[in-house]
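Examination of the molecular architecture
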Amino acid sequence: MHLLALLLQATTTPAASTLGTANPVSMAMFFLFVAVTLYITYWAAKKTKTGSEFYAAGRNISGFQNGLALAGDYMSAASFLGIAGMVATKGYDGLIYSIGFLVGWPLIMFLIAEPLRNLGKYTFADVVAYRLKQRPVRIVSSVGSLLTIAFYLIAQMVGAGSLIKTLFGLQYEIAVVVVGCVMTLYVLFGGMLATTWVQIIKAILLLSGATVLVILSLSRFNFSPLNLFTSVTQQYGDAMLVPGGFITNPFDALSLGLALMLGTAGLPHILMRFYTVPNAKAARKSVFVATGFIGYFYILTFFIGFSAMTLVGKSTIENMDKGGNMAALLLAEQTGGTAFLGFIAAVAFATILAVVAGLTLSGASSISHDLYVHVVKRGVSDEKGEIKVAKRATVALGVLSILLGLVFKGQNVAFMVGLAFSIAASANFPALLLSITWKRFTTRGAVWSIATGAILSLVLIVLSPTIWVDILQHEEAIFPLKNPALVSMSSAFLVGIVASLLQPEIAAAEKFESEKLRTYLGIGAE
Amino acid sequence: MLPGPSSSQAILQSPEFKKLVSKRWSVSLILTLIILVIYIGFLLVVAFNKELLALKISHSITWALPVGLGIILAAWLLTGIYVFWANNTYDDAVQEIKNKITHS
């Protein structure tokens, strides 16, 4: 998970490229994007009055639109620039990451999407708490949600600041403040409807930009991938086309793989999107569409990486940034000139804006819907009050994300993406899955499972080589795995099951039977 | 169209409904198992037997390439299989049960 760290190291810019200087095309493109999305926000604001409109776009988004929006939410700048960069510098190993990021989607389809859509209202905690005691379950699940969102958000904000500095020559602080303010405007006034359209536009821009980049690059190889790979092996040897040093310890591989796979199925901002469609059928269609676009995108980054490796050259890429994060941008400049570079840079900026908007909205929902309504107000929801709290939470999260972006400037925050996925896989996913599938799951089981997953993720990552050795500079790590998910996720399942069996909750088991009508037939679903 | 408590019980106890639920989970679990076997199998090969993936198809292409891209494609196809099954089988069965509720 060092994609972002490498992103952060990208600072110096050799004279050979126009990267890092103000590019008129990217400035114009970026202002156009912000202008269009703010206009959409203005339009969406008029349609965003009720709770279901603010949190779920009135459940009027189509399955296809939601699929694109899910893809937009998921394809971050880190995966666009970072994975292309890993392929460009390390070859095949970069693909192992993208596969890990993709295989969580089928699991969302088979296990989560439809029951989630039928049982819940606005947040995934709705489903975890459905037949359990509301207050304790809501408290722990919102802690799980907010931790996931916080770490993901910090990584995105710090990445945004450095990236924009490199791309536009804009000061880090200004970049962070601009990103924070614009995304707050989207969420505050346009709610889920504006956020959804920001994601859709961003997804279309990113997918078409990457497609054009691949076409331009392949045109140098007579449109034959075979020629591309031949050129790769001629320049850098066969080693680039086989798995290399990325995975040495099989347990490390398994742990990281599980975090990427199951973490995807526990990301609050992704799960929340399923409430924007009218029914379970549309939810299922949106996963199919999202998986297709995300898979296509990763295949594109694979070709972008190898094209950059041969056309730009590994040493040029590594000179600019050790992690290779500038590979896609250098390739864009080489194949399409300065104007195309400007376009791709603006797309990368738009990508960050969209992802942080989605995160902020899901954080605000967790605060207002889970904590305020179900914990403070004990479930007696006054819609106006709830929306007021949601909007205040949005502003608070906007300010907080700007502050965190400034506080963590220059810090190594790459581990935070891995940590966010580990908490999502360990705290959110096990409780959600057990609540959907296991009759005997209890309040106590849910609380202990979520707490175990979250605490173990946090503690073990500090003791792991990721922080203990790489950041705190100790000789040897206390916990051997780089990502704790293998231990923290299995423990969360085990604790949840044992705690439930030790003290059965008859009311919860009975309600499991009656909720089946809603889970499987959609009767009574909101 | 919320059914009353007695008819809810009747639906929940009906063999059609029970069959629907168990069929849904067997389809889901089989597909889940397939993607887990593919992905974890891939990780294990990468960890323990890299040489297998280094085998060549032609002079410049290794097996690692089609295998990696194939997994991405397989993940998508599996979601497609589920959608196809659910749209054509599951939804009809749900509709049939729902019709019974309104007619009784």
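Residues numbered from 1 in each chain as written. Chains lettered and ligands numbered in written order. Predicted model: local features only at pLDDT ≥ 70, side-chain atom pairs only at ≥ 80, totals over all residues.

Time to look at the overall build of chain A. Along chain A, the regular secondary structure elements total 21 helices and 0 strands. On C-alpha atoms alone, chain A measures out to a radius of gyration of 22 Å, which is about the 24 Å that the 2.2 N^0.38 rule sets for 526 residues. Per-residue burial over chain A gives 65% buried out of 526 residues. For chain A, restricting intrachain contacts to residue pairs at least 6 apart in sequence, the fraction spanning at least 24 positions comes to 83%. (Helix = DSSP H or I, 4+ residues; strand = E, 2+ residues; numbered from the N terminus. Rg over C-alpha atoms; globule rule 2.2 N^0.38 Å. Buried ≥ 20, exposed ≤ 12 C-beta atoms within 10 Å, placed from the backbone. Contact = placed C-beta atoms within 7 Å.)

Right, let's get into the overall build of chain B. The secondary structure content of chain B amounts to 4 helices and 0 strands. Taking 104 residues into account, the globule formula puts the C-alpha radius of gyration at 13 Å, and chain B, at 22 Å, lies well above it. Of all 104 residues assigned to chain B, the portion counted as buried reaches 25%. Within chain B, counting contacts between residues at least 6 apart in sequence, those at least 24 apart form 61% of the total.

Turning our attention to the interface of chain A and chain B. In this assembly, 43 residues from chain A lie in contact with 42 residues from chain B. Those elements that provide at least two residues to the side of chain A that touches chain B are α6 (93-102), α7 (104-119), α11 (225-236), α12 (250-264), α14 (280-320) and α21 (506-521) of chain A. Broken down by element, the residue count for the side of chain A that touches chain B peaks at 10 residues, all from α14 of chain A. The residue inventory of the side of chain A that touches chain B, partitioned by class, reads 30 nonpolar, 8 polar and 5 charged. (Nonpolar A, V, L, I, M, F, W, Y, C, P; charged D, E, K, R; others polar.)

Attention now goes to unusual backbone geometry. All names here are of chain A. In this structure, Ala57 takes a positive phi of about 50° despite not being glycine. Its place among the elements puts Ala57 in the loop between α3 (51-56) and α4 (63-74). Judged by C-beta crowding, with 27 C-beta atoms within 10 Å, Ala57 ranks as buried. Residues other than glycine seldom take positive phi values, yet Arg378 does so here, at roughly 50°. Tracing the sequence through the fold places Arg378 in the loop between α15 (327-376) and α16 (383-407).

The predicted model of chain A averages 91 in pLDDT, with 96% of residues at 70 or higher. Predicted confidence for residues 1-15 of chain A stays below pLDDT 50, and this span has 49 contacts to residues more than four positions away or in other chains. (pLDDT = per-residue confidence, 0-100.)

Scored by pLDDT, chain B has a mean of 90; 94% of the residues are at 70 or more. Scoring of the predicted complex yields 0.93 for pTM and 0.94 for ipTM.

Right, let's get into the nonpolar core. One broad rule of soluble globular proteins: the nonpolar side chains tend to lie buried together. Residues and elements named next belong to chain A. Core analysis: the biggest nonpolar cluster contains 226 residues, and Ala308, Ala328 and Ile344 have the highest contact counts within it. If you tally residues by element for this core, the top one is α15, at 29 residues. Beyond its immediate sequence surroundings of up to four residues, Ile344 is in contact with Gly209, Leu213, Ala328, Leu329 and Ala332. (Core = buried A, V, L, I, M, F, W, Y, C linked by C-beta atoms within 7 Å.)

Residue and element names in this part refer to chain A. Packing of helix α2 (residues 24-46) against helix α10 (residues 172-219) leaves a shortest axis separation of 8 Å and a crossing angle of 105°. Viewed along their axes, α2 and α10 adopt a mutual orientation that is roughly perpendicular. On α10, the residues that touch Val34, Thr37, Leu38, Ile40, Thr41, Ala44 and Ala45 of α2 are Val182, Leu185, Tyr186, Phe189, Gly190, Gly191, Leu193, Ala194, Trp197, Val198 and Ile201. Residues of the contact of α2 with α10, tallied by class, amount to 14 nonpolar, 4 polar and no charged. (Axes fitted to C-alpha atoms, helices over the stretch in contact; angles between N-to-C directions. Parallel < 35°, antiparallel > 145°, perpendicular 65-115°, else oblique.)

A few words now on the environment of Glu16 of chain B. With respect to the secondary-structure elements, Glu16 of chain B resides in helix α2 (residues 15-48). In this structure, the C-alpha to C-alpha distance between Glu16 of chain B and Trp85 of chain B, residues 69 residues apart in sequence, is 17 Å.

Residue and element names in this part refer to chain B. Residue placement: Thr102 occurs in helix α4 (residues 64-103). C-beta crowding within 10 Å serves as the criterion here: with 8 such atoms nearby, Thr102 is assigned to the exposed category. A C-alpha to C-alpha distance of 24 Å links Thr102 and Lys23, two positions 79 residues apart in sequence.

Another aspect to go through is α16 of chain A. Residues and elements named next belong to chain A. In this model α16 runs 35 Å from its N-terminal to its C-terminal C-alpha over 25 residues, within 8% of the 36 Å that 1.5 Å per residue would give. When we look at burial in α16, the residues that qualify are Glu386, Ala390, Ala393, Thr394, Leu397, Gly398, Ser401, Ile402, Leu404 and Gly405. If you follow the buried residues of α16, they end up packed against α3, α9 (134-168), α10 and α15. (Expected span 1.5 Å × (residues − 1).)

Moving on, we get to α2 of chain A. An ideal rise of 1.5 Å per residue puts 33 Å on 23 residues; α2 of chain A measures up with 34 Å between its terminal C-alpha atoms. Here α2 of chain A has its buried residues at Ser26, Met29, Phe30, Phe33, Thr37, Ile40, Thr41 and Ala44 of chain A.

Residue and element names in this part refer to chain A. At a closest axis distance of 9 Å, the pairing of α11 and α14 adopts a crossing angle of 45°. If you check the angle between α11 and α14, you find them oblique. Of the two elements, α11 crosses α14, and the hand of that crossing is left-handed. Between α11 and α14, the contacting residues are Leu228, Ser231, Val232, Gln235 and Tyr236 on the first element and Phe306, Ser307, Met309, Thr310 and Lys314 on the second. Split by residue class, the contact of α11 with α14 holds 5 nonpolar, 4 polar and 1 charged. (Left-handed = near helix turned anticlockwise from the far one by under 90°.)

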